Amino acid sequence: MKPIELKTVNAIRILSAEGVQKANSGHPGLPMGSAPLAYALWAKHLKFNSKNPDFQDRDRFVLSAGHGSMLLYSLLHLFGYPLSMDDIKDFRQWGSKTPGHPEYAHTKGVETSTGPLGQGFANAVGMAIAEKHLAAKFNKEDLKLIDHYTYVLVGDGCVQEGIQYEAASLAGTLKLGKLICIYDKNNITIEGDINTTFSEDVGARHQAMGWHVVYVEDGTDTDKVASAIEEAKQVADKPSLIICRTEIGFGCPDKQGKASAHGEPLGEENLQKAKETLGWDYAPFEIPEDVLNHTKEIADKGQAIEDAWNETLQAYKTKYPEDYKEYELWMNREFPVDLENNEDFWAFENKPNATRNISGEILNRLNKMQPNLFGGSADLGPSNKSELKGKEYFSAETPVGSNIHFGIREHAMAAIVNGIYLHGGVTPFCATFFVFTDYMKNAMRMSALMKLPVTYVFTHDSIGVGEDGPTHEPIEQLIGLRSIPGMTVFRPADAKETAAAYTVAMNNDGPTAIVLTRQNLPYYENSGKAALKGGYILADSTKETPDVILMASGSEVEQAIGAKELLKAEGIDARVVSMPSMEIFEKQSEEYKESVLPKKVRARVAVEAGSAYSWYKYVGLDGATVCIDHFGASAPAKVLFEKFGFTAQNVKEKAKSILK
């Protein structure tokens with residue numbers, strides 16, 4: 001290692017430790033131990049342009065071990081990204097560009113929000129999948145527009161998480177040769193040495209999953225790390241894992257190799273000892289001129305790299321004009337599609353049908369209008385109706401395929417789809433049974449946190465699952481998803497409401513969960529585009545002010561409509577409000593919400609085959625619910641609906657009880 005390289009590595013170490021110390025909060029151990037790994041990648045391999053962090057053909061770098069965020073911030077600062085020393089000094093402070101864990105769309109150069117261990121790795125798998133798919137779609141023998149690597153840095157915590165195993169297994173199967181994972185193996189987690197909990201051979205595990213594995217016994221040797229990365233880049237048919245033996249808190253005599261270096265500041269005394277050990281004789285937050293010149297020289301190459309790519313782009317535009325136009329549409333996600341005013345999109349047969357079937361039909365209508373749809377199911381495609389007809393399945397042999405077999409990997413699937421979106425160029429979706437959102441929830445939370453317009457397709461949405469029994473019958477899942485800030489949950493009652501759900505999803509500024517039935521539902525003449533408001537009057541009362549308001553979503557709208565007719569026969573005038581999406585309804589004007597749910601009508605009944613918690617704000621103190629706050633049972637769906645009170649007769653009786 002050249003002296004300037006060692007000095008730059010130490011600059012990364014000390015700057016990271018100083019940022020944590022000033023904040024009196026954070027994780028100095030990982031940045032100090034993995035600084036040589038990061039330097040070897042950024043200085044000798046990573047393709048980037050810090051003057052344009054969004055350069056399309058840049059390599060992606062994901063810090064899956066997001067608690068080591070000061071490592072990333074130090075790199076961004078030193079290599080010329082718009083992150084000042086004042087930003088570094090504001091680490092973990094209110095309103096700063098350097099939050100405790102990296103946040104997408106908050107700090108330039110951060111490719112994804114990371115922190116939940118293993119998820120960044122799965123995001124990286126998604127990015128590599130997108131790169132391979134787009135390269136197969138657009139690259140020509142003589143002109144390659146998409147030709148970059150995805151690098152991800154993981155720690156011992158990441159590789160212990162189940163999601164990392166799920167995602168790595170799929171990556172190996174798909175032969176994602178442009179995915180390179182650098183494993184900072186320091187053998188320390190919060191509770192101490194990992195040998196008490198984690199003794200497996202991670203390299204052998206990945207080899208068994210189809211990965212190329214390289215070992216670097218001395219993670220302080222940047223030349224050996226750089227050589228390992230070069231070796232990995234030569235293996236085109238396998239993803240690569242580079243296992244680098246490091247020491248947490250390297251350079252701090254009293255902390256090096258100890259758990260105490262993980263998640264707390266070194267302390268002023270230990271910080272000073274680290275500086276002495278590393279030969280760092282500079283004031284706090286001072287970066288010597290030779291280091292700045294060195295990193296600037298490296299960063300300045302980025303503009304030439306992008307300029308060369310722009311020349312390729314112009315040549316492509318000239319030689320392949322039609323492909324270029326499509327490339328621009330895909331990368332900008334700007335298809336000339338106006339779903340709301342496309343009457344064919346809203347046209348369906350007037351007959352009962354399951355909303356999962358309608359969803360499949362709509363997906364394939366979208367597929368013709370928006371050809372960059374890219375997604376699939378966690379081994380439930382035939383049940384979820386999530387296959388894009390006429391399109392191949394994405395695989396190592398057919399990377400141009402638009403359908404994805406995710407396998408039975410729900411958690412990884414959701415995080416991979418996040419990564420696919422983050423890469424850019426495609427519109428991703430994924431599907432499974434609704435009850436299995438429990439496996440996916442943290443990745444869905446990250447979709448919402450990052451405001452990623454991912455579409456989640458969930459079928460088999462209630463006790464309507466029937467004979468499969470309570471293990472497969474969602475009860476609390478609706479309120480679980482509704483509780484996630486920024487998640488739009490849409491549970492349609494018929495075909496046209498399902499079209500509304502997809503219209504929302506394709507235009508949303510965050511994730512959309514579309515929740516669908518297995519069983520057939522009626523076709524309602526009066527449903528349709530009004531559902532785009534989240535809640536609307538499906539069947540109104542004859543009076544200006546109804547006697548009672550019946551509210552429902554999805555399959556239970558049918559019982560509300562039936563109860564309205566029964567009440568009418570007894571001289572009680574009811575309004576039926578279909579509420580497919582509470583989140584969208586809450587965004588409407590107060591005037592509109594009042595027109596649908598007038599405050600003076602306090603007699604209200606909510607009907608939904610799930611937990612009642614979501615509905616209390618709408619039923620108020622005088623209202624009632626017909627919901628289910630216990631687990632289901634195994635029996636035909638019609639039997640369960642009757643046994644658990646989801647009948648028009650029961651809804652009628654509940655309405656009458658609150659009118660007394």
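Residues numbered from 1 in each chain as written. Predicted model: local features only at pLDDT ≥ 70, side-chain atom pairs only at ≥ 80, totals over all residues. Heavy atoms only, no water.

Asker: So what's going on with the packing of aromatic side chains? Which residues, and what values?
Answerer: In this structure the tally under the stated criterion is 25 aromatic pairs. Considering the side-chain rings of Y73 and F91, the 6.1 Å spacing of their centres and the 70° angle between planes classify their relative orientation as edge-to-face. Highlighted residues: Y73 in helix 3 (residues 69-78) and F91 in the loop between helix 4 (85-89) and helix 5 (119-138), separated in sequence by 18 residues. Accessibility classification places Y73 together with F91 in one group, the buried group. The structure contains a cluster of three or more aromatic residues connected by ring pairs, namely W42, F48, F61, F79 and Y81. The ring of F138 carries K137 above its face, with NZ or CZ at 5.8 Å from the centroid. Here K533 stacks its cationic end above the ring of Y592, 5.0 Å away from the centre of that ring. (Phe/Tyr/Trp six-rings, centres within 6.5 Å; stacked < 30°, edge-to-face > 60°. Helix = DSSP H or I, 4+ residues; strand = E, 2+ residues; numbered from the N terminus. Buried < 20%, exposed > 50% of the residue type's maximum accessible area, 1.4 Å probe, protein only. Lys NZ or Arg CZ within 6 Å of the ring centre and 35° of its normal.)

Asker: Talk me through empty space enclosed by the protein; I want residue IDs and the actual numbers.
Answerer: Under the counting rule described, the total for this entry stands at 3 cavities of 30 Å³ or more. For the largest cavity, the calculated volume is near 80 Å³. Forming the walls of the largest cavity are W42, L46, K47, F48, P53, R58, D59, F61, L76, Y81, G109 and E111. For the lining of the largest cavity, a count of residues per class yields 7 nonpolar, 1 polar and 4 charged. (1 Å grid on protein atoms, 1.4 Å probe; cavity = no way out; pocket = protein on both sides within 12 Å on 5 of 7 lines; lining within 4 Å. Points joined across faces, edges and corners; volume = space filled by probe spheres on them. Nonpolar A, V, L, I, M, F, W, Y, C, P; charged D, E, K, R; others polar.)

Asker: Describe the side chain of T512, naming the residues involved and giving the relevant values.
Answerer: Here T512 lies in strand 14 (residues 512-515). The buried category is assigned to T512, whose relative accessible area is 0%. Of note is the side chain of T512, whose polar atom sits 2.8 Å from the side chain of N508. Residue contacts for T512: discarding those within four places in its chain leaves V454, T455, Y456, M487, T488, A501, V504 and A505. (Polar contact = N/O pair within 3.5 Å; in protein donor to acceptor, adjacent residues only side chain to side chain. Contact = heavy atoms within 4.5 Å.)

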